[in-house]
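Observations on the model geometry
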Amino acid sequence: MSARFPNRRGTYPLEPAIALVLRRAFANRIWTKWRAWRFVGTSPDALRRGKHIARVSEACGVPLPDLEWATPVKHGNQIRVFGHSFLPDSVRKQYRRWCPACLGEESYHRGTWDIAALSHCVRHQLPLQAECPSCKQPTAWSLGDVSRCQCGQSLPLLNVGKVQESQLAFDKWLDAKLMQHSPAAPLQTELVPCPILDELPLQDAISIVERLGAFSINPVETFAETWSSYGPAAVMLRGYEVASAGERGIEEVLDKLFDARKERDARVRDAGGKPRRWGVQAAYGGAFALWFSGRVDAGSYASLVPVVVRHAKSRVLLKSGFEIFGISDSETSLTLTRAAKHCGISRRRLNEFLRSIGVVPPGKHQGMPLRIPVEVADEYRKRFANSVNMTEAEKLFGISDGAIIELVKAKVLPALIEGGGKLQDYAIETKEITGLLNRLEVRSLNEPSPSHVALPKAFSGKSGILELVGFVLNGQLSVRSVDQDAVGLNRLMVDRADVLQLNRDAAADEMTLQRAAERLNIKWEAVRQLVALGHLKLAGRYIDREQLISFETHFIKGSDVATMLSMHWKWASRKLAQMGIEPAIDRSQCRSVFYERSKIEALVQRSGEADTPEAERFTPREAGDRLGISSAAVLRLIQSGRIAGTEILSNWLIDADALTDFEARHLKLSEAAKLLEIGTRLIEGRLESQGIHLSIDRSECGVAFYDKQTILALAA
């Protein structure tokens, strides 16, 4: 439930809802963000989704139309603000910008500063700032006071030089477009006409300006390189100048692209080579042609298309049948999208297949669109001609996609592509599906039964599909009849009594996956992974008992090893790794860890032999009790070589002779003070004056020792 802010300092135009709430909370002495949002009864995410704006309007006393107009709201795949729709990257959200002069006049955030394409404040002719001059960090949203950085720097005091009037041409045009749909038109700016851009949606106009600017500044580099090198302000200004020049400006950019492409082609052309009959993409470059062709269908670029077509016809020798922005049959390579269309499959399936055979590089591709040879596409089209994806396979089988994946993973149903768990990436040959169904239907007895049940419904659980296919193919379960009206595996009808009898008549030397999991004390999925690794063999739904016993003979579970060593399993695995004993089956192969039983038993046997020697041995705790120090100090003495010890698994053992020898050579400082009748605080200084030093310093084990014979001689 929201409340009204009692102190309402100022109502400003262009202020979005999020900035308004933070500013009002600061004015009302609400110092934390979460208290501010709880007071209003909403959140920033809710406001970005267009919810609770009326609640903020009521709490802050701001007219609702003004607040809705200035607040960015998610609208499908775009963001709606100031009456225009923008791409998500075109509206800043995490960090903010500001104009020092504007903050000096009124300390509040203007929503126009969040439009990424706007680089300057039109009123003050100042570039918008994004970093604090003191801490050099991006300016984040802090509570309320937008005039100060998180480090305490006053942002209005920043001294920034003005830019020339000519550098504000695009910013003035964009600012006027943003104010077109204002409810109250608070800062209406005169709109300078630009025929090519004025009738387009604002986001499309921004896209045209930024790309025309990049291609005009440097026709050789890619758009991203030019944008990074020259900066957004210079690129947008140059693009607007080109668009303002009308068709002549567009043709100049096309001339630059054409000449740069032709010069590069002349440099790489072999001596005596024939002149090239260029197509549009070859003449202007794929970056420009593909960028345009992807937007022609939308209709927004209709004013530019005739200019490009006319220029292409005057400068480019078009091949017969070659479309302006298309690819002819005589082309030697295809883009991935056109190759997928050529093959009659989805782009994702083709891309996954090309990655699996090394035609497309692994990982996320950066840069120009990938192209593959036409001959390769023709070859793949033949291979995919008789295949279906996972969704079509579901319809043919009449079972879930998860069940089909189980069949593919178990190699019962071969697949051209295995997509690593992504359902869209699987490709299965239809002949493999029909072949499997035919093999199952051949075993039909066509004997009616009053208790018919569809084959997929006869088995439940995670391994049901593999069970039913294995039983029918191995002759353990008969298909009583075939339902002509059903599809796939749902066509096959079995007798319910046969299924129940099959469960009752399980052989004594066979075990289900669940029973095997209970015996090994692991998860059901881990047993399935052991089967896939070849350690266990699955026949139908059963695992042979002798195989299971053989597995138990050769392997031991990691938790059982930890129990034998009386240690936590994490420490046990580290200790075994230090001793050079690695798991025979690790977690990357199976959900459980297994070690070779022979190695573990040999290790435990050595430990047992070491625990029962002829000579008496002491643990660190026992040795510490005897010496009057802690077990940690004893371990440090062992590590420094003062006391000889033997490490056995998780413990150290000290021979009685080694402990006796240490007692004969060293005397603890407190015992020496008691023997010489000197205070423990004074003994070190007095003995140092006589030239007697510690034999073991405190820095070595935390306890100080003297040479015992020296102390006994002084006491005598």
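Above this note sits the structure.
Report on the accompanying structure. Bear in mind that the values here come from a model prediction, so they are computed numbers and not experimental data.

A few points about the overall build of the protein
Helices and strands together make up the secondary structure of the protein, namely 37 helices and 22 strands. Taking all 716 residues of the protein together, the buried fraction comes to 44%. Sequence-distant contacts in the protein: of pairs separated by 6 or more residues, those separated by 24 or more amount to 61%. Taken as a whole, the protein presents about 37600 Å² of accessible surface, with 49% of it coming from carbon and sulfur.

A short note on the packing of aromatic side chains
Taken as a whole and judged by the stated rule, the model has eight aromatic pairs. With a centroid separation of 5.2 Å and an interplanar angle of 75°, the aromatic rings of Phe 551 and Phe 594 are classed as edge-to-face. In this pair, Phe 551 is assigned in helix α27 (residues 545-554) and Phe 594 in strand β17 (residues 594-596), connecting sequence segments 43 residues apart. You can call Phe 551 buried: its relative accessible area is 3%. The buried category is assigned to Phe 594, whose relative accessible area is 2%. Joined through ring pairs, the aromatic side chains of Phe 170, Trp 173 and Tyr 240 make up one cluster. A cation sits over an aromatic face here: Arg 110 above Tyr 108, 3.8 Å from the ring centre.

Quick word on the layout of surface pockets
Here the idea is plain: a probe the size of a water molecule rolls over the atoms and shows the empty space left. Of the volumes computed, that of the second largest pocket is approximately 550 Å³. Lining the second largest pocket are 25 residues, with Ile 18, Arg 48, Pro 72, Arg 92 and Lys 93 sitting closest to its centre. Elements supplying a minimum of two residues to the lining of the second largest pocket: α1 (17-27), α2 (33-40), α3 (44-48), β1 (73-75) and β2 (78-81). If you tally residues by element for the lining of the second largest pocket, the top one is α3, at four residues.

Topic: the state of the cysteines
This model, assessed by the stated rule, comprises zero disulfides. The thiol of Cys 99 is not disulfide-bonded; the next cysteine sulfur, from Cys 121, is found 3.6 Å away.

Observations regarding α2
Of the residues making up α2, those classed as buried are Ala 36, Trp 37 and Val 40. All buried residues of α2 project into a common sector of 90° when viewed along the axis, lining one side. Buried-residue contacts for α2 involve α1, α3 and α4 (53-60).

Considerations on the pattern of salt bridges
Charged atoms that come close allow side chains of opposite charge to pair. Within the structure shown, the criterion is met by 12 salt bridges. Close ionic contact of Asp 45 with Arg 48 constitutes a salt bridge, the shortest N to O distance being 3.0 Å. One end of the pair, Asp 45, and the other, Arg 48, are both in helix α3, three residues apart, so they sit about a helical turn from each other. The exposure class assigned to Asp 45 is partly exposed, which follows from its relative accessible area of 48%. Look at Arg 48 and you get partly exposed, because its relative accessible area is 26%. The residue Lys 172 makes a salt bridge to Glu 165 at a minimum N-O spacing of 1.9 Å.

So, empty space enclosed by the protein
The tally for this structure, following the rule as stated, stands at one cavity of 30 Å³ or more. In this structure, the largest cavity encloses a volume near 40 Å³. Around the largest cavity, the lining residues are Ala 117, Ser 119, His 120, Gln 167, Phe 170, Asp 171, Ala 233, Met 236 and Leu 237. Contributing elements (two or more residues each) for the lining of the largest cavity: α7 (169-178) and α11 (232-244). It is α11 that provides the largest number of residues to the lining of the largest cavity, a total of three residues. In the lining of the largest cavity, the residues fall into five nonpolar, three polar and one charged.

Brief notes about a positive patch on the surface
Taken together, the side chains of Arg 49, Lys 51, Lys 74 and Lys 93 define a basic patch exposed on the protein surface. Mapped onto the fold, Lys 74 is located in strand β1. What makes Lys 74 exposed here is its relative accessible area of 58%.

Quick word on the pairing of β2
Side chains of β2 alternate between two faces, with Ile 79 and Val 81 buried and Gln 78 and Arg 80 left unburied. Sheet topology note: the β1/β2 ladder contains three bridges and is antiparallel. Among the inter-strand pairings, Val 73 is bridged to a residue of β2, identified as Arg 80. Between the end of β1 and the start of β2, which pair antiparallel, lie two residues, with Gly 76 showing a positive phi angle near 65°. Two elements, β2 and strand β3 (residues 84-86), share three bridges in a ladder whose sense is antiparallel. From the neighbouring strand, Arg 80 faces β3, where its bridge partner is Ser 85. Between β2 and β3, which pair antiparallel one after the other, the connecting turn spans two residues, and Phe 82 there sits at a positive phi close to 55°.

A short note on the pairing of strand β12 (residues 492-495)
Side chains Leu 492 and Val 494 of β12 all project onto a buried face; the interleaved residues Met 493 and Asp 495 project onto the opposite face, where all are buried too. Sheet topology places strand β10 (residues 452-454) next to β12; three bridges connect them, and they run antiparallel. By the bridge assignment for β12, Val 453 is matched with Val 494. As paired elements, strand β11 (residues 481-482) and β12 share two bridges and run antiparallel to each other. Looking across to β12, one finds that Val 482 is bridged to Leu 492.

Some thoughts on the nonpolar core
Grouped together as the largest cluster of nonpolar side chains are 42 residues, with contacts concentrated most on Ile 115, Trp 173, Leu 174 and Leu 197. Broken down by element, this core gets its largest block of residues, seven residues, from helix α9 (residues 202-217). Ignoring anything within four residues of it in the chain, the contact list for Trp 173 reads Leu 191, Val 192, Cys 194, Leu 197, Asp 198, Leu 202, Ala 205 and Tyr 240. Counting residues in each nonpolar core, the second largest holds 33 residues, with Phe 5, Cys 60, Cys 149 and Leu 155 among its members.

Comments concerning helix α20 (residues 401-409)
Taken together, the buried positions of α20 are occupied by Ala 403, Ile 404, Ile 405, Leu 407 and Val 408. Just downstream of α20 lies Lys 411, where phi reads positive at about 65°.

Points about the sheet that holds β12
Pairing is antiparallel in the open sheet, where three strands are placed in the order β10-β12-β11. A strand with exactly one partner marks an edge of an open sheet, and here the two such strands are β10 and β11.

Observations concerning unusual backbone geometry
Of note in this structure, His 52 is not a glycine but carries a positive phi near 65°. Of note, Glu 677 is a non-glycine position whose phi angle comes to about 60°, a positive value. Its place among the elements puts Glu 677 in the loop between α34 (669-676) and α35 (683-689).

A word on the sheet that holds β1
Reading across the sheet, the three strands line up as β1-β2-β3 and stay open at both edges, with antiparallel pairing between neighbours. Of all the strands in the sheet, just β1 and β3 have a single pairing partner and so form its edges. Taking each pair of neighbouring strands and ignoring which way they run, the sheet shows an average axis angle of 40°.

Some points on the environment of Thr 512
Among the structural elements, Thr 512 can be located in strand β13 (residues 510-512). Using a relative accessible area of 17% as the deciding quantity, one classes Thr 512 as buried. Residues Thr 512 and Asp 544 lie 32 residues apart in sequence; the distance between their C-alpha atoms is 9.0 Å.

Procedures and definitions
Residues numbered from 1 in each chain as written. Predicted model: local features only at pLDDT ≥ 70, side-chain atom pairs only at ≥ 80, totals over all residues. Heavy atoms only, no water. Helix = DSSP H or I, 4+ residues; strand = E, 2+ residues; numbered from the N terminus. Buried < 20%, exposed > 50% of the residue type's maximum accessible area, 1.4 Å probe, protein only. Contact = heavy atoms within 4.5 Å. Areas by Shrake-Rupley, 256 points an atom, 1.4 Å probe, with all protein chains shown as cover. Phe/Tyr/Trp six-rings, centres within 6.5 Å; stacked < 30°, edge-to-face > 60°. Lys NZ or Arg CZ within 6 Å of the ring centre and 35° of its normal. 1 Å grid on protein atoms, 1.4 Å probe; cavity = no way out; pocket = protein on both sides within 12 Å on 5 of 7 lines; lining within 4 Å. Points joined across faces, edges and corners; volume = space filled by probe spheres on them. Disulfide = S-S within 2.5 Å. Arc of directions from axis to C-beta. Salt bridge = Lys/Arg side-chain N within 4 Å of Asp/Glu carboxyl O. Nonpolar A, V, L, I, M, F, W, Y, C, P; charged D, E, K, R; others polar. Patch = residues over 30% accessible without salt bridge, like charges linked within 9 Å, V, L, I, M, F, W, Y side chains within 5 Å. Lys, Arg positive; Asp, Glu negative; His and termini not counted. Charge placed at Lys NZ, Arg CZ, Asp CG, Glu CD. Pairing = 2+ DSSP bridges. Core = buried A, V, L, I, M, F, W, Y, C linked by side-chain atoms within 4.5 Å. Axes fitted to C-alpha atoms, helices over the stretch in contact; angles between N-to-C directions.

Purely spatial values, then, with no claim about function.
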